[in-house]
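One-letter residues, chain by chain:
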Amino acid sequence: QPLATAAGYAVLQNGGNAVDAVVTMAGVLAVVRPHMNGVGGDAFGIFLDGATGDVVGMNGSGRAGALATPSFFEQAGLESVPGSGPLSVSLPGAVAAWDDALARFGTISLAEALAPAIAYARNGFPVSSRLASDIAGGSRGLNEAALGLYLPHGSPPPVGSLLKNPALAGTLERIASEGKKGFYLGEPAKAIAAFLEREGGYLRTPDFAAHETTWTVPVEGAYLDHRILVLPPNTQGIAQISLMEMAAEHDLAAMGHNTTEYLHTLIELKKLAFADRNRWVADPAFTDLPIDELLDAEYLRGRSLEIGATAAENVLPGFEGPVAAQARQGDADDSGDTVYITAVDQWGNAVSWIQSLFATFGSGLLEPETGVVLQNRGGGFTLEATHPNVVAPGKRPYHTLTPLMALNQDGSLAFTLGTPGGDSQTQSLIQIVNNVFLFGMTPQAAIEAPRFRSYNDLRVDFEDRISERVLSDLGERGHEPRVIHGWTATFGGAQMIRVEPSGTITAASDPRREAYAMAY
């Protein structure tokens, strides 16, 4: 969003580093894209220290509360975890992520980073046509407080009007002055916990007090002469590595860009990667996940040869283990619920950061005292007792969020890349990487090039700039193509920063979303 980008740009120009800029942008986005991310959501990041070359991952996702057992849901008469409402709300982790990222890598205070966000929440920011459209499209299921703020008189605020959230401004001011403790141990946590208890949710104040960010080691893969870094479970990052390394077993360049054979191959490989993802990705603190086996080179080489000449409707997990159940991970992120942010500074520090509410307006619940929209990431759990992702107290749910960073073989930064879009994230990212490193496009051209998005069955969405002949041929192969016209959020909203071979830095931003790139 341009206001967020401008705020991060100002931080860099004033001598701040990449982490300072990213946290500042994250705070602004929590205000100006309220349906997509915020204080009530989660965040993940990958950090490169320009001085040492060290890379660190950050898991800023929240957990289920102490009451969150399968029986808690069953007593409510539910056979599955709902995708909205109070029982979909897992603990928000974004605030701790902001504070912890600055404490470890930043040079400015949390108060300095949040100052622009507080000003926009207190004084208002102009409503764009895109925001008004997004609010109108995502208004179903909102509680009374959210409707009163975002759809006064039954419609979104007029384009060009100032949208204010004074309650959220107060919450951000408390966070700015007291840090994460002001949120998780203070009045905001008490207000949100009491609200959710009244609504029938499982979070209580001790759950907020127990929350911690987790620092982790990124998972590394290899693709097109780059070292690809993603985050480990509970994110779907391993599906990105799986998809890329299987794709490397096929001569995609010889197939040609967006030809029938090229698109068919990527779609079918995506199904294989997602079958293993759906079976295994969960919180590793609760289950011994077979990550090494799933990413074993020989396993992926054999897996990559399982695709046929026609579209497969039902793809089974390939790695056999003791867990038999599968949980369907859906496409709850379809309409634009996530923001991706990236920054690279003059010292070579780089950040790849993503934060989200999951569905549009998350759970649909706005807590009125704090002005916080609460996420529905808890909807990622299953009640299947034998699945690794079964809900449990203190457990993190499965997450679609997957920021990416790539290094050259010598460990220097090659590029940062990420996108919103739920299940489409891994699909969009490999298409963009291929566009740059197989087909010679600039980062901006690579992001703008037409994309596909495969779903859980034979349906595949295509942008209308892919040829009708190719779509017809894919239909004959058993796919069910659907053409999406225009530049829509269906296919994500990618952002990329690439260090060119010359040493210059190129930033690119996706016209499919309200996004912007700046550099100096």
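Check the entry above for the structure.
Quick notes on the rules
Residues numbered from 1 in each chain as written. Predicted model: local features only at pLDDT ≥ 70, side-chain atom pairs only at ≥ 80, totals over all residues. Heavy atoms only, no water. Helix = DSSP H or I, 4+ residues; strand = E, 2+ residues; numbered from the N terminus. Buried < 20%, exposed > 50% of the residue type's maximum accessible area, 1.4 Å probe, protein only. Contact = heavy atoms within 4.5 Å. Lys, Arg positive; Asp, Glu negative; His and termini not counted. Charge placed at Lys NZ, Arg CZ, Asp CG, Glu CD. Salt bridge = Lys/Arg side-chain N within 4 Å of Asp/Glu carboxyl O. 1 Å grid on protein atoms, 1.4 Å probe; cavity = no way out; pocket = protein on both sides within 12 Å on 5 of 7 lines; lining within 4 Å. Points joined across faces, edges and corners; volume = space filled by probe spheres on them. Nonpolar A, V, L, I, M, F, W, Y, C, P; charged D, E, K, R; others polar. Pairing = 2+ DSSP bridges. Axes fitted to C-alpha atoms, helices over the stretch in contact; angles between N-to-C directions. Expected span 1.5 Å × (residues − 1). Arc of directions from axis to C-beta. Polar contact = N/O pair within 3.5 Å; in protein donor to acceptor, adjacent residues only side chain to side chain. Core = buried A, V, L, I, M, F, W, Y, C linked by side-chain atoms within 4.5 Å.

Colleague: Help me understand the overall build of the chain in this model?
Modeller: A count of helices and strands for the chain gives 19 helices and 18 strands. For the chain, the spread of C-alpha atoms along the three principal axes comes to 60 × 55 × 45 Å. Residues counted as buried form 61% of the 520 residues belonging to the chain. Sequence-distant contacts, at least 24 apart, represent 71% of the contacts inside the chain between residues at least 6 apart. Here the chain contributes 34 positive and 57 negative side-chain charges, whose respective centroids are spaced 4 Å apart.

Colleague: Explain the pattern of salt bridges here, please?
Modeller: Side-chain pairing between opposite charges can occur once the charged atoms of the two side chains come close. Applying the stated criterion to the full structure yields 24 salt bridges. Put simply, Arg-130 and Asp-134 hold a salt bridge, and the shortest N to O gap is 3.1 Å. Within this pair, Arg-130 and its partner Asp-134 are both found in helix α6 (residues 129-137), separated by four residues, close to a single helical turn. Given a relative accessible area of 12%, Asp-134 falls into the buried group. Two residues, Arg-459 and Asp-461, come together in a salt bridge whose shortest N-O distance is 3.2 Å. Three or more residues joined by partner-sharing salt bridges are found here, namely Arg-451, Glu-463, Arg-465, Asp-510 and Arg-512.

Colleague: Help me understand the layout of surface pockets in this model?
Modeller: Taking a probe equal in size to a water molecule and rolling it over the atoms shows the remaining empty space. Approximately 710 Å³ is the volume attributed to the largest pocket. Around the largest pocket, the lining is made up of 37 residues, and of these Thr-5, Thr-342, Ala-343, Ile-497 and Met-518 lie nearest the centre. At the level of secondary structure, the elements contributing two or more residues to the lining of the largest pocket comprise α1 (2-13), α2 (18-32), β8 (338-344), β17 (495-499) and β18 (505-509). Examining the composition of the lining of the largest pocket, we find that seven residues originate from one element, β8, more than from any other. Counted by class, the lining of the largest pocket contains 24 nonpolar, nine polar and four charged residues.

Colleague: Would you mind going over the sheet that holds strand β14 (residues 452-454) with me for this structure?
Modeller: Two pairing modes exist for strands in a sheet, parallel and antiparallel, and in both the strands are linked by backbone hydrogen bonds. The strand order β14-β15-β16 describes an open sheet built from three strands, whose pairing is mixed. Two strands in the sheet have a free side with no partner beyond their single neighbour: β14 and β16 (480-484). Mean inter-strand twist for the sheet, computed between neighbouring axes without regard to direction, equals 25 degrees. Two elements, strand β15 (residues 459-463) and β16, share five bridges in a ladder whose sense is parallel. The residue bridging Phe-462 from the neighbouring strand is Val-483, located in β16.

Colleague: When you look at α1 in this model, what are you seeing that I'm missing?
Modeller: Helical geometry: 3.6 residues make up each α-helical turn, so side chains three or four residues apart lie on a common side. Look at α1: 16 Å from first C-alpha to last across 12 residues, which is about the 16 Å you get at 1.5 Å a residue. Considered for burial, the residues of α1 that qualify are Ala-4, Thr-5, Ala-7, Gly-8, Val-11 and Leu-12. Axial view of α1: buried residues confined to an arc of 160 degrees, hence all on one face. Sitting at the amino-terminal end of α1 is Gln-1, which places a side-chain oxygen 2.7 Å from the backbone nitrogen of Leu-3. Taken from the residues just after α1, Gly-15 is the one with a positive phi, measuring 100 degrees.

Colleague: How do you make sense of the sheet that holds β18 when you look at a structure like this?
Modeller: The six strands lie next to each other as β6-β7-β12-β13-β17-β18, forming an open sheet whose pairing is antiparallel. The open sheet terminates on both sides in strands that have one partner only, identified here as β6 (219-223) and β18. Taking the axes of each pair of neighbouring strands and ignoring which way they run, one obtains an average angle of 20 degrees across the sheet. Where β6 meets strand β7 (residues 226-230), five bridges bridge the pair, whose relative direction is antiparallel. What sits directly across from Gly-221, in β7, is Ile-228. Against the sheet, helix α12 (residues 237-247) touches β6, β7 and β12 (404-407), its axis set at about 20 degrees to β6. Across the sheet, helix α17 (residues 424-437) touches β6, β7, β12, β13 (413-418) and β17, and the angle it forms with β13 is around 145 degrees.

Colleague: Teacher, can you tell me more about the nonpolar core here?
Modeller: Taken as a class, soluble globular proteins show a tendency for nonpolar side chains to be buried jointly. Ranked by size, the top nonpolar core spans 84 residues in total, and within it Val-39, Trp-98, Tyr-150, Leu-172, Phe-208 and Trp-353 carry the most contacts. Per element, the largest residue contribution to this core is 12 residues, and it comes from α2. Leaving out residues up to four positions away in the same chain, Phe-208 has contacts with Leu-91, Pro-92, Phe-183, Tyr-184, Ala-189, Ile-192, Ala-193 and Leu-203.

Colleague: I keep staring at the side chain of Gln-431 and nothing clicks. Help me out?
Modeller: Relative to the helices and strands, Gln-431 resides in helix α17. On the accessibility criterion, Gln-431 (3% relative accessible area) is buried. For Gln-431, the contacting residues outside a window of four places in its chain are Leu-266, Pro-450, Arg-451 and Phe-452.

Colleague: Just checking my understanding: could you explain unusual backbone geometry for this structure?
Modeller: The phi torsion of most residues other than glycine is negative, and most of the peptide bonds are trans. Geometrically, the link from Pro-233 to Asn-234 is a cis peptide bond, its omega value of 25 degrees lying close to zero. In this model, Asp-225 sits at a positive phi of 65 degrees, which is unusual for a non-glycine residue. Positionally, Asp-225 belongs in the loop between β6 and β7. For Asn-258, which is not glycine, the phi torsion reads 55 degrees and is therefore positive. Residue placement: Asn-258 occurs in the loop between α13 (252-255) and α14 (260-280).

Colleague: Help me understand the environment of Thr-338, please; the structure alone is not making it clear to me.
Modeller: When you line up the elements, Thr-338 lands in strand β8. We classify Thr-338 as buried; its relative accessible area is 0%. Put simply, Thr-338 and Thr-370 are 32 residues apart on the chain and 21 Å apart in space, counted from C-alpha to C-alpha. A distance of 2.8 Å separates a polar atom in the side chain of Thr-338 from a polar atom in the side chain of Ser-356.

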